[in-house]
Amino acid sequence: MCGIIGYIGEKNASPILIQGLRKLEYRGYDSAGVAIQDGDTIARVRSVGKIENLAARAATEKLPGTVGIAHTRWATHGGVTEENAHPHTDQSESLVLVHNGIVENYREIKEQLGSEHIYNSETDSEILAHLIGEHIKESDGKLTEESFRLAVECALKEVRGTYGLVVMHKDVPDYLIVARMGSPLVIGVGTDGYYIASDATPMLAYTKKVIFLEDGEIACVSKTDMQTFNLKDECVVKCVEEIEWNQEQAEKQGYEDFMLKEIHDQPTVFEDAIRGRFNVEEGTAHLGGLNMTEEEMHSVKRIVLIACGTASYASMVGKYAFERLAGIPTEVDVASEFRYRDPIIDKHTLVFGVSQSGETADTLAALREAKRKGAFVRGIVNVVGSTIARETDGGTYIHAGPELAVASTKAYTNMVAILLLYALQFGRLKRVALATGERMLHALLEIPQKMNEILDTAEQIKTIAKVYANYDHMFFIGRGINYPVALEGSIKLKEISYIHSEAYPGGELKHGPMALLSENFPVFGIMTKDQLYDKMRSNIEEVRARKAPVILIASQGDDTAKELGEHVMYTPKTMELLQPLLNTVILQLFSYYVAKELGRDVDRPRNLAKSVTVE
């Protein structure tokens, strides 16, 4: 995955594609490539690192032609190498494609294709190219535009997963096939040809007339025309829309800020995090990156989660899950303190380092210490090829995609998702019943839709946030698994609004902090229906008795919550262990709108950095 740009028309394609890749740099990437068709030949150039590296090589190659595709890659399958960079070819090297997304069943496809297929990369995308190439071989006679399209259709029917795909073939010049399933693609309609991209950003300099492909659609694009089909080979009529975004808005896909975009990304990237990593029939998760045998998993007597900031609050949710599902004593250690307290670590300890960037200096140092002491050491990170990913003996990528706002949102929920899957994997091995595992997985699969339900209430949350934007202090309280949610809500408000806030377990206010309460000190309580619901209600009553304004998150249908809070925001019901995945989205939106009301730079808050690479 990361960014796609294609062009077919009357202009020289190379400069359009290179400039388009530059416009996609905001998405984050580690390598890039371009392929240009000139008659019945296709020239391909790829490079690791910055677009400038690719541009220099493309200038040397000259690359004539008016049809081409290009890609910036953010590694998922396979490391950061030129061989793994897109575009990829099929076995005959006649077909070339760029691909965003994940082919879940790539191993099955690879086995189906057989040993005669030789691959030059470690990517699932190259296997997809070989699959399409195999279907082309099976078509009779000379390759035509129609047989090319049908071959792509047949191949995509075999794919499980997501794709944003652009394909060209040397035997069908001046012709691109574009397909989408779960990974966005936009076709720009220009006076001099067509532009294809993963979002509108690269084409704004040429046209604002666009066609948005929907999931399951395939567009066949020539220099002067395009047709759209679905996977049933039925023709689909598409409407041309005119976008009004400027360049900066396009990078943010129409959202006002990267942070707001990334909050809204969560339903999609959550699906990316769990896809292919569970088996509902067996009621369990399968995270192969753990790299542990069942015997080694049984030998684990203790789990330690090491992290900083938001990652540590995600880890606290993981602690509840590991202890409840797997019955394994679990600790969460702040990475900056871990190695200075001479922690007790042995060969029966499993240590996870949790970090969005994979470069957090404190977390990395703590993992090295755990490794020296003989523990199983694994990483949970977002960035492929990061130092933590390289130095641990296994682990899992959270697949949140580039997160450009400093304050973490989608990376947090994906960290929680992976920790829940790990807890289920250990739980099924030790004591969780099949029915419980099935129930949890079904509930996990409902989370994206429930996140969307919360996002649909953003205007209501915005209205409430405006009421509290001018307070100087705020408490966040929760109990059980919602205590880490309170911590995350508090840090988010601090980070982007600069309002002083603190988080406490609901029962702890009476042990000192309650002295601060007054009508000028609001309290935000997470009071969803769980085993501590009645306890939390009592804590909220204590707050109300001190005249502090109360804001609540409550479960849908809990009308009595209105008796306790000046403002109530409702969240869809789900299993108790999964509540942080939903409740946190409300807190993210609340903090975002408070900060916007105060005129803060939500994407780049003062004094903070995205990746903390110093102790």
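In what follows, the accompanying structure is described.

### Things to note about the sheet that holds strand E14 (residues 235-236)
The strand order E5-E6-E7-E8-E12-E13-E14 describes an open sheet built from seven strands, whose pairing is antiparallel. What marks the edges here is a single partner per strand, and that holds for strand E5 (88-89) and E14. Strand direction decides the pairing type here: strand E13 (residues 226-230) and E14, joined by two bridges, are antiparallel. The partner of phenylalanine 229 across the bridge, within E14, is cysteine 235.

### Re the sheet that holds strand E23 (residues 473-478)
The strand order E24-E23-E25-E26-E27 describes an open sheet built from five strands, whose pairing is parallel. Two strands close off the open sheet at either side, each with one partner strand: strand E24 (500-505) and strand E27 (567-571). For this sheet, the mean angle separating the axes of adjacent strands, direction not counted, is 20 degrees. Pairing of E23 with E24, which is carried by six bridges, proceeds in the parallel orientation. Looking at the pairing, isoleucine 477 lines up with tyrosine 504 of E24. Lying over the sheet, helix H18 (residues 579-597) contacts E23, strand E25 (523-527), strand E26 (550-555) and E27, oriented at roughly 135 degrees with respect to E27.

### Concerning the packing of aromatic side chains
Between two aromatic rings, the relevant description is the distance of the centres plus the angle of the planes. Per the counting criterion, the structure on display carries 13 aromatic pairs. Centroid distance phenylalanine 322 to phenylalanine 352: 6.2 Å. Interplanar angle 25 degrees. Geometry classified as stacked. Of this pair, phenylalanine 322 sits in helix H9 (residues 309-326) while phenylalanine 352 sits in strand E20 (residues 349-355); the two residues are 30 residues apart in sequence, bridging distant segments of the chain. Between phenylalanine 475 and phenylalanine 521 the ring centres are 4.5 Å apart and the planes differ by 40 degrees, which places this aromatic pair in the tilted class. Taken together, the residues span a long stretch of sequence, with phenylalanine 475 in strand E23 and phenylalanine 521 in the loop between E24 and E25 at a distance of 46 residues. The residues phenylalanine 475 and phenylalanine 521 share a single accessibility class, namely buried. Connected via pairs of aromatic rings, a cluster forms that spans Tyr468, Tyr471, Phe476, Phe524 and Phe590.

### Things to note about helix H11 (residues 361-372)
The terminal C-alpha atoms of H11, which comprises 12 residues, lie 17 Å apart, in line with the 16 Å expected from a rise of 1.5 Å per residue. When we look at burial in H11, the residues that qualify are Ala361, Asp362, Thr363, Leu364, Ala365, Ala366, Leu367, Glu369 and Ala370. Looking at the buried positions of H11, the neighbouring elements they touch are strand E18 (302-307), helix H10 (335-338), E20, strand E21 (376-381) and helix H12 (387-391). Remark: glycine 374 follows H11 within two positions and exhibits a positive phi of approximately 95 degrees.

### Side note on the side chain of threonine 284
Looking at the secondary structure, you find threonine 284 in strand E17 (residues 284-285). Owing to a relative accessible area of 8%, threonine 284 belongs among the buried residues under this scheme. Non-local contacts of threonine 284, meaning those with residues more than four positions away in its chain, are made with Phe278, Asn279, Leu424, Gln425, Arg428 and Leu441.

### With respect to the packing of helix H3 (residues 106-113) against helix H4 (residues 124-138)
Each pair of packed helices can be described by the angle between their axes along with the distance between the axes. Running from N to C, H3 and H4 point in directions that differ by 45 degrees, and their axes come no closer than 10 Å. Looking at the two axes, H3 sits oblique to H4. For the element pair H3 and H4, the recorded crossing hand is left-handed. Contacts between H3 and H4 involve Tyr106, Ile109, Lys110, Gln112 and Leu113 from the former and Asp124, Ile127, His130, Leu131 and Glu134 from the latter. Along the lines of polarity and charge, the residues of the contact of H3 with H4 split into five nonpolar, two polar and three charged.

### A look at the pairing of strand E6 (residues 95-100)
Most of E6 is tucked away: six of the six residues are buried. Covered by surrounding structure in E6 are Leu95, Leu97 and His99 together with Val96, Val98 and Asn100, the residues of both alternating faces. Looking at chain direction, E5 and E6 are connected through two bridges and run antiparallel. Looking across to E6, one finds that histidine 88 is bridged to leucine 97. Between E5 and E6, which follow one another and run antiparallel, lie five residues, and glutamate 93 among them has a positive phi close to 60 degrees.

### A short note on the packing of helix H13 (residues 410-430) against H18
Viewed as axis vectors pointing N to C, H13 and H18 meet at an angle of 175 degrees, and their least axial separation amounts to 10 Å. With respect to H18, the axis of H13 lies roughly antiparallel. From H13, Tyr412, Thr413, Val416, Ala417 and Leu420 reach across to H18, where they touch Pro580, Leu581 and Thr584. A class-by-class count of the residues in the contact of H13 with H18 yields six nonpolar, two polar and no charged.

### Concerning the layout of surface pockets
Its volume calculated, the largest pocket comes out at about 1,100 Å³. Taken together, 47 residues make up the lining of the largest pocket; nearest its centre are Gly182, Pro184, Gln253, Asp265 and Thr268. Among the elements of the structure, strand E8 (172-181), helix H7 (258-274) and helix H14 (434-455) are those that each provide at least two residues to the lining of the largest pocket. For the lining of the largest pocket, the element with the most residues is H7, which contributes 10 residues. Its residues assigned to classes, the lining of the largest pocket comprises 22 nonpolar, 13 polar and 12 charged. Computed from the structure, the second largest pocket encloses a volume of approximately 880 Å³. Going through the elements one at a time, H3, E21 and strand E22 (395-397) are the ones with two or more residues in the lining of the second largest pocket. Split by residue class, the lining of the second largest pocket holds seven nonpolar, 16 polar and eight charged.

Parameters and conventions
Residues numbered from 1 in each chain as written. Predicted model: local features only at pLDDT ≥ 70, side-chain atom pairs only at ≥ 80, totals over all residues. Heavy atoms only, no water. Pairing = 2+ DSSP bridges. Helix = DSSP H or I, 4+ residues; strand = E, 2+ residues; numbered from the N terminus. Axes fitted to C-alpha atoms, helices over the stretch in contact; angles between N-to-C directions. Contact = heavy atoms within 4.5 Å. Phe/Tyr/Trp six-rings, centres within 6.5 Å; stacked < 30°, edge-to-face > 60°. Buried < 20%, exposed > 50% of the residue type's maximum accessible area, 1.4 Å probe, protein only. Expected span 1.5 Å × (residues − 1). Parallel < 35°, antiparallel > 145°, perpendicular 65-115°, else oblique. Left-handed = near helix turned anticlockwise from the far one by under 90°. Nonpolar A, V, L, I, M, F, W, Y, C, P; charged D, E, K, R; others polar. 1 Å grid on protein atoms, 1.4 Å probe; cavity = no way out; pocket = protein on both sides within 12 Å on 5 of 7 lines; lining within 4 Å. Points joined across faces, edges and corners; volume = space filled by probe spheres on them.

By themselves these figures say nothing about function.
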